[in-house]
Amino acid sequence: MITVKNLDKSFDGRLVLDNISVTFEPGKTNLIIGRSGSGKTVLLKSIVGLLEPDNGEIWFEDVLFNRLDFEGKKKIREQMGMLFQGSALFDSMTVEQNVRFPLDMFTNKTMEEKTDRVNFCLKRVNIINVNKLFPSELSGGMKKRVAIARAISLNPKYLFCDEPNSGLDPLTAILIDNLIKELTEEYSMTTIVNTHDMNSVIEIGEKIVFIHEGLKCWEGTNKEILNSDCKNLNDFVFANALAKQLKGMEK
Amino acid sequence: MLLNLFRDIGRYFLMLQKVFSKPEKPVIYYKQTMHELVYLGLNSVGIIAIISFFMGAVITLQTAYNTENPIYPTYLIGLGCRDSIILEFSSTISALILAGKVGSNIASEIGTMRVTEQIDALEIMGVNSASYLVLPKIIATLLFNPILTLISIIVGIFGGWIAGTTAGVITSQDFIYGIQYAFIPYYITYSIIKTLFFAFIITSVSAFQGYYVEGGSLEVGRASTKAVVYSSVIVLMFNVILTQLLLS
């Protein structure tokens, strides 16, 4: 479980996150949603420790993460996996080397064991016969899958995904969403997904947190989101013509 | 502006502190260092050899044309070529060339990793990104740049000999006598010491420019240019300081 308490973050005097408190539960796909520039990525990066919050606390179970030193954070980070918006695969390494990298760095497994684990992870994300390819030779969807394979190679306890569907076609986006949901349940991970894709919200949003202009405006499930009375959330959810039409039909 | 300078100096030393902290897994760093030895060191042999050859040739010809006086014995052309190359050209000029080649390479490589979130990915995994990316490069250049300097000295003097004898400004016998005359072995040590300092400056300053880049491809390009300019200027400043310290 990850708990955020009274989190503030500002850049050059401009408040980007204002007193955010939220709990992300294990075994569930937790979504942070909001418009572009609302502070979603800043919140996610603050949680994983890439940004230092001005005030507030970030707890990983019973450990106060944002007060730890580098070595202390390192221990928690070894239990984290992250899927970045642009996949962030290492350009100079092949797919196999990318997925093997955390194993090389943090385990004492033999090369055979590591190769088995790499192949297992790649198979799990439905990617085969690409071990020797470089990231530049992969499509956007394949890169995301390889990045997920790398993220799960050490059996993480926490999975973070920053805009996993950006730049993907709707079908591939649904595949990636489902993969994240399946893996979350399979490994009982605490998963936090940052998105503004309404398909993801409806498909996998077991817990949803809506951020608007740095404030937490609403939280609930994908069942509740369509019936919310939060104006900003409704403006966001029913932004496109199709959604408005569906809402009209429902009424 | 002054505030920015102090901030950058502070960040530079903070980065170095991270770079020289205990490696997560020494065997991985060893492999990276071997890779960097080839990438930053071995791949620079060609350019250093070509430039040194022509540098030696020009030094010999210019010394010859400037000492066209019967008072001066011709073997002094060989001596002048040898000392100019050992004392200054092989260490300093090679460092400036390497600042252009290796420095821009390091800054753009690390800068691209920064803007494409590859450095963030390393940090999330619990890897000390500064150490993993920069330490092998520093070790590789510290190990290989002195070899480049020695290659530069040998090729430079060879270039001088070829140019001098081909142009007919000095006989082969006089040139060889000149390069052996009043030879001070400490000059080689001096040149190597300077090379070690320059190697560290080029690698660490360029890595710093790349590591803290913010933005996109335009900023990576700027960081690469800054890496070359700053490391060249610092190399020249240290050249003066080291010369005073080591030769006075």
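See the structure above.
Caption draft 1: Highlighting the overall build of chain A. Per the secondary structure count, chain A includes 9 helices and 10 strands. On C-alpha atoms alone, chain A measures out to a radius of gyration of 19 Å, which is about the 18 Å that the 2.2 N^0.38 rule sets for 251 residues. When its C-alpha atoms are laid out on the principal axes, chain A stretches across 55 × 45 × 30 Å. Across the 251 residues that make up chain A, the buried fraction comes to 53%. Once local pairs closer than 6 in sequence are excluded, the contacts in chain A between residues at least 24 apart make up 64%. As displayed, chain A has an accessible area near 11,400 Å², and 50% of this comes from carbon and sulfur atoms. The average position of the 32 basic charges and that of the 35 acidic charges among the side chains of chain A differ by 1 Å.

Caption draft 2: Region of interest: the nonpolar core. With 71 residues, the main nonpolar core has Phe24, Ile47, Phe60, Met80, Phe101 and Phe160 of chain A together with Tyr132 of chain B as its most contacted residues. Per element, the largest residue contribution to this core is 9 residues, and it comes from helix α6 (residues 129–167) of chain B. Apart from the residues lying within four places of it in its own chain, the contact partners of Ile47 of chain A are Ile2, Val4, Phe24, Ile58, Phe60, Phe65, Phe160 and Ile192 of chain A. One finds Leu31, Val146, Ala149 and Ile176 of chain A within the second-largest nonpolar core, a separate group that totals 42 residues.

Caption draft 3: Just a nonpolar patch on the surface, in detail. On the surface, Leu2, Leu5, Phe6, Ile9 and Phe13 of chain B cluster together into a nonpolar patch covering about 530 Å² of accessible area. Here Phe6 of chain B lies in helix α1 (residues 2–19).

Caption draft 4: Quick peek at the interface of chain B and chain A. Taken together, the contact pairs 18 residues of chain B with 26 residues of chain A. Of all residues in chain B, Glu117, Ile124 and Met125 of chain B bury the most surface against chain A, accounting for 36% of the area lost on that side. Inspection of the region where chain B meets chain A yields 4 salt bridges. For Lys45 of chain A, the salt bridge is made with Glu117 of chain B, and the minimal N-O distance between the two is 3.5 Å. Here chain B is connected to chain A by 4 residue pairs in polar contact (both at pLDDT 80 or more). Of all the secondary structure elements, the ones that give two or more residues to the side of chain B that touches chain A are α2 (26–41) and α5 (118–125) of chain B. Sorting elements by how many residues they give to the side of chain B that touches chain A places α5 of chain B first, with 7 residues.

Caption draft 5: Broad picture of helix α1 (residues 40–48) of chain A. All names here are of chain A. Most of α1 is tucked away, with 8 of its 9 residues classed as buried. Among all positions in α1, only Lys40, Val42, Leu43, Leu44, Lys45, Ser46, Ile47 and Val48 are buried. Once α1 ends, the next one or two residues include Gly49, with phi positive near 90 degrees.

Caption draft 6: Seen up close, unusual backbone geometry. In this structure, Glu213 of chain A is a non-glycine residue whose phi angle is positive, near 45 degrees. Here Glu213 of chain A lies in the loop between β9 (207–212) and β10 (215–220). In the Ramachandran plot, Ala182 of chain B falls in the positive-phi region, its phi being about 50 degrees despite a non-glycine side chain. Looking at the element boundaries, Ala182 of chain B is found in the loop between α7 (172–180) and α8 (186–211). Since its relative accessible area comes to 52%, Ala182 of chain B is described here as exposed.

Thresholds applied
- Residues numbered from 1 in each chain as written.
- Chains lettered and ligands numbered in written order.
- Predicted model: local features only at pLDDT ≥ 70, side-chain atom pairs only at ≥ 80, totals over all residues.
- Heavy atoms only, no water.
- Helix = DSSP H or I, 4+ residues; strand = E, 2+ residues; numbered from the N terminus.
- Rg over C-alpha atoms; globule rule 2.2 N^0.38 Å.
- Buried < 20%, exposed > 50% of the residue type's maximum accessible area, 1.4 Å probe, protein only.
- Contact = heavy atoms within 4.5 Å.
- Areas by Shrake-Rupley, 256 points an atom, 1.4 Å probe, with all protein chains shown as cover.
- Lys, Arg positive; Asp, Glu negative; His and termini not counted.
- Charge placed at Lys NZ, Arg CZ, Asp CG, Glu CD.
- Core = buried A, V, L, I, M, F, W, Y, C linked by side-chain atoms within 4.5 Å.
- Patch = residues over 30% accessible without salt bridge, like charges linked within 9 Å, V, L, I, M, F, W, Y side chains within 5 Å.
- Salt bridge = Lys/Arg side-chain N within 4 Å of Asp/Glu carboxyl O.
- Buried area = accessible area lost by both parts, 1.4 Å probe.
- Polar contact = N/O pair within 3.5 Å; in protein donor to acceptor, adjacent residues only side chain to side chain.

Honestly, that's just the spatial picture; any functional story needs more than this.
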